[in-house]
Amino acid sequence: MHNRQLFLSHLAQTTDFPLMIEIEKAEGIYMYGPNGERYIDLISGIGVSNVGHRHPKVLQAMKDQMDKYLHLMVYGEYIQTPQTKLAEALANTLPAELDNVYLVNSGSEAVEGALKLAKRYSNRREIISCVNAYHGSSHGSLSVGGNEIFKRAYRPLLPGISHIHFGKEDDLKNITTDTAAVIMETVQGEAGIRVASESYFKALRKRCDETGTLLILDEIQAGFGRTGKFWAFEHYGIQPDILVCAKGMGGGMPIGAFISSKEIMGHFKNDPLLGHITTFGGHPVSAAASLATINILKEENIIEQVEMKADLFKKLLVHPKIREVRNKGLMMCVAFESFEELKPIIDRAIEMGVVTDWFLFCDDSMRLAPPLVITEDEIREACTKILKAIES
């Protein structure tokens with residue numbers, strides 16, 4: 001059986017219409033098919049390949065670590081250099097209070113850990129999240145998701161969850177002394193790149209402080225340089241109590257983290273002992289890849305170029321069928337009239353060698369989240385093809 005048949009026969013499917021693009025190799029912003037097809041990856045594997053596919057420094061860090069050891073022991077028992085160095089590097093990108101890192105395997109797992117930590121620390125049970133939020137697909141992360149379409153088939157989910165509207169200051173009154181935590185994407189992703197004001201985030205921070213509520217910011221998509229700052233919350237003059245990250249963190253390897261203060265995180269150590277456990281979290285090869293990714297972002301002037309590259313996309317993507325381009329850095333949304341108009345454009349762009357996508361809760365809009373290392377010439381080529389796809 002060839003790969004296509006094996007894919008359909010033995011890999012669990014999540015839709016009846018998978019993209020079915022076969023990739024044999026990837027490098028930089030490009031993916032290559034078995035017959036030499038070349039695709040520009042404008043979604044970075046959904047926000048993962050911030051430093052591009054197979055960055056040489058990421059590969060070298062992985063190879064160096066593979067020569068030493070792979071998995072040794074469940075998280076938090078042995079002193080492993082890749083984990084400790086990564087935790088230090090993450091802490092160095094953050095305000096002093098956010099100095100304690102718990103490494104996991106994915107964004108959903110990071111959200112699960114953050115929710116548990118908030119409940120354990122506050123001794124409260126109510127969690128508030130946003131309408132049209134997306135925080136992952138496991139039971140806890142799905143519970144705080146903000147779109148009923150994805151939730152209704154799996155109820156009952158976690159109790160005590162309520163929702164507010166992202167960016168609406170009036171709704172902040174719903175945060176009370178019964179609220180353990182507010183979990184919020186710093187930039188809403190699957191809602192179609194929704195951006196709130198600095199005044200909103202400052203009001204949110206103030207309300208959480210007034211009620212003793214922990215603020216969890218989800219930067220699974222927005223972190224690691226995607227918005228033009230290392231962390232998206234840096235745009236708003238606030239800081240969270242718990243920060244959640246993954247996706248672009250690993251340079252293509254699976255890894256995530258939730259980060260807080262030593263005082264808050266310390267509540268996992270007692271009552272019960274081992275308050276959160278993971279076997280493979282902080283896998284040494286993934287941790288080495290993540291540390292290399294941080295160093296690349298810092299040393300290669302990548303984040304400083306994000307805003308300029310985003311502006312070039314906006315300058316080039318002008319067409320009567322494009323209603324709006326929304327963005328925070330290279331976290332971008334190109335809005336069309338409807339899904340029925342957008343889907344053929346996406347399909348045609350793929351035929352022309354440009355991979356884009358739509359959003360779970362905003363299916364009239366095209367997702368653009370290219371590797372941050374994309375060049376100006378590559379942006380021009382990609383936009384030319386998107387415009388041709390629109391025309392055809």
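Now for a look at the structure at hand. This one's a predicted model, so the numbers in the text were calculated from it and none came from an experiment.

A tally of helices and strands in the protein yields twelve helices and 15 strands. At 21 Å, the protein has a C-alpha radius of gyration in line with the 21 Å of a compact globule built from 392 residues. Expressed along its principal axes, the backbone C-alpha trace of the protein runs to roughly 60 × 55 × 45 Å. Across the 392 residues in the protein, those meeting the buried criterion constitute 52%. If you take every contact in the protein between residues at least 6 apart in sequence, the share linking residues at least 24 apart comes to 71%. For the protein, the computed accessible surface area is about 17600 Å², with 52% contributed by carbon and sulfur atoms. One finds the centroid of the 42 positive side-chain charges in the protein at a distance of 1 Å from the centroid of its 50 negative side-chain charges.

Turning next to the packing of helix 10 (residues 306-316) against helix 12 (residues 376-391). In a packed pair of helices, the relevant descriptors are the angle between the two axes and the axis-to-axis distance. Interaxial distance between helix 10 and helix 12 falls to 10 Å at its minimum, and their mutual angle equals 30 degrees. In terms of orientation, helix 10 and helix 12 fall into the roughly parallel class. Crossing angle aside, the handedness with which helix 10 passes helix 12 is right-handed. In contact with Met308, Lys309, Leu312, Phe313 and Leu316 of helix 10, helix 12 contributes Glu376, Ile379, Arg380, Cys383 and Leu387.

Moving on, we come to empty space enclosed by the protein. One pass over the full model with this rule turns up three cavities of 30 Å³ or more. The volume enclosed by the largest cavity comes to roughly 70 Å³. Along its surface, the largest cavity is lined by Ile43, Ile46, Gly47, Ile193, Gln221, Arg226, Met331, Met332, Phe359, Arg367, Leu368 and Ala369. Sorting the residues of the lining of the largest cavity by element identifies helix 2 (44-47), strand 12 (331-335) and strand 15 (362-368) as the ones contributing at least two each. Partitioning the lining of the largest cavity into residue classes produces eight nonpolar, two polar and two charged.

What follows covers the environment of Glu148. Its place among the elements puts Glu148 in the loop between helix 6 (139-143) and strand 6 (161-164). Spatially, the C-alpha atoms of Glu148 and Asp64 are 45 Å apart, while their sequence positions differ by 84 residues.

Read from one edge of the open sheet, four strands run 1-2-3-13, paired in mixed fashion. Of all the strands in the sheet, just strand 1 (25-27) and strand 13 (354-355) have a single pairing partner and so form its edges. Pairing geometry for strand 3 (residues 38-41) and strand 13, over two bridges, is parallel. Pairing of Asp41 across the sheet is with Val355, part of strand 13. The sheet strands contacting helix 12 are strand 2 (30-32), strand 3 and strand 13, and the helix crosses strand 3 at an angle near 105 degrees.

Turning our attention to helix 7 (residues 198-211). If you check helix 7, its first and last C-alpha atoms are 20 Å apart, about what 14 residues at 1.5 Å a residue would give, namely 20 Å. Buried within helix 7 we find Tyr200, Phe201, Leu204, Arg205, Cys208 and Thr211. Seen along its axis, helix 7 keeps its buried residues to an arc of 140 degrees; they face one direction. Along helix 7, exposed side chains directed more than 90 degrees from the buried face belong to Lys206 and Asp209. A positive backbone phi angle near 70 degrees is found at Gly212, which sits one or two residues after helix 7.

Moving on, we come to the pattern of salt bridges. This structure, assessed with the given rule, holds 19 salt bridges. Between Asp347 and Lys343 there is a salt bridge, with the nearest N and O atoms lying 2.8 Å from each other. One end of the pair is Asp347 and the other is Lys343, both in helix 11 (residues 339-351) and four residues apart, which spans about a single turn. Accessibility expressed as a relative area gives 29% for Asp347, which makes it partly exposed. Between Glu381 and Lys385 there is a salt bridge whose closest N-O contact spans 3.4 Å. In this pair, Glu381 and Lys385 both sit in helix 12, four residues apart, roughly one turn of the helix.

Moving on to unusual backbone geometry. Going from Arg155 to Pro156, the amide bond is cis rather than trans, its omega being 5 degrees. If you trace the backbone, Pro156 turns up in the loop between helix 6 and strand 6. A cis amide bond links Asp271 with the next residue in sequence, Pro272, at an omega value of 10 degrees. Relative to the elements of secondary structure, Pro272 occurs in the loop between helix 8 (262-265) and helix 9 (284-299). Positive phi is not limited to glycine here, since Ile193 has a value of about 55 degrees. Note that Ile193 resides in the loop between strand 7 (179-185) and helix 7.

Reading guide: rules and limits
- Residues numbered from 1 in each chain as written.
- Predicted model: local features only at pLDDT ≥ 70, side-chain atom pairs only at ≥ 80, totals over all residues.
- Heavy atoms only, no water.
- Helix = DSSP H or I, 4+ residues; strand = E, 2+ residues; numbered from the N terminus.
- Rg over C-alpha atoms; globule rule 2.2 N^0.38 Å.
- Buried < 20%, exposed > 50% of the residue type's maximum accessible area, 1.4 Å probe, protein only.
- Contact = heavy atoms within 4.5 Å.
- Areas by Shrake-Rupley, 256 points an atom, 1.4 Å probe, with all protein chains shown as cover.
- Lys, Arg positive; Asp, Glu negative; His and termini not counted.
- Charge placed at Lys NZ, Arg CZ, Asp CG, Glu CD.
- Axes fitted to C-alpha atoms, helices over the stretch in contact; angles between N-to-C directions.
- Parallel < 35°, antiparallel > 145°, perpendicular 65-115°, else oblique.
- Left-handed = near helix turned anticlockwise from the far one by under 90°.
- 1 Å grid on protein atoms, 1.4 Å probe; cavity = no way out; pocket = protein on both sides within 12 Å on 5 of 7 lines; lining within 4 Å.
- Points joined across faces, edges and corners; volume = space filled by probe spheres on them.
- Nonpolar A, V, L, I, M, F, W, Y, C, P; charged D, E, K, R; others polar.
- Pairing = 2+ DSSP bridges.
- Expected span 1.5 Å × (residues − 1).
- Arc of directions from axis to C-beta.
- Salt bridge = Lys/Arg side-chain N within 4 Å of Asp/Glu carboxyl O.

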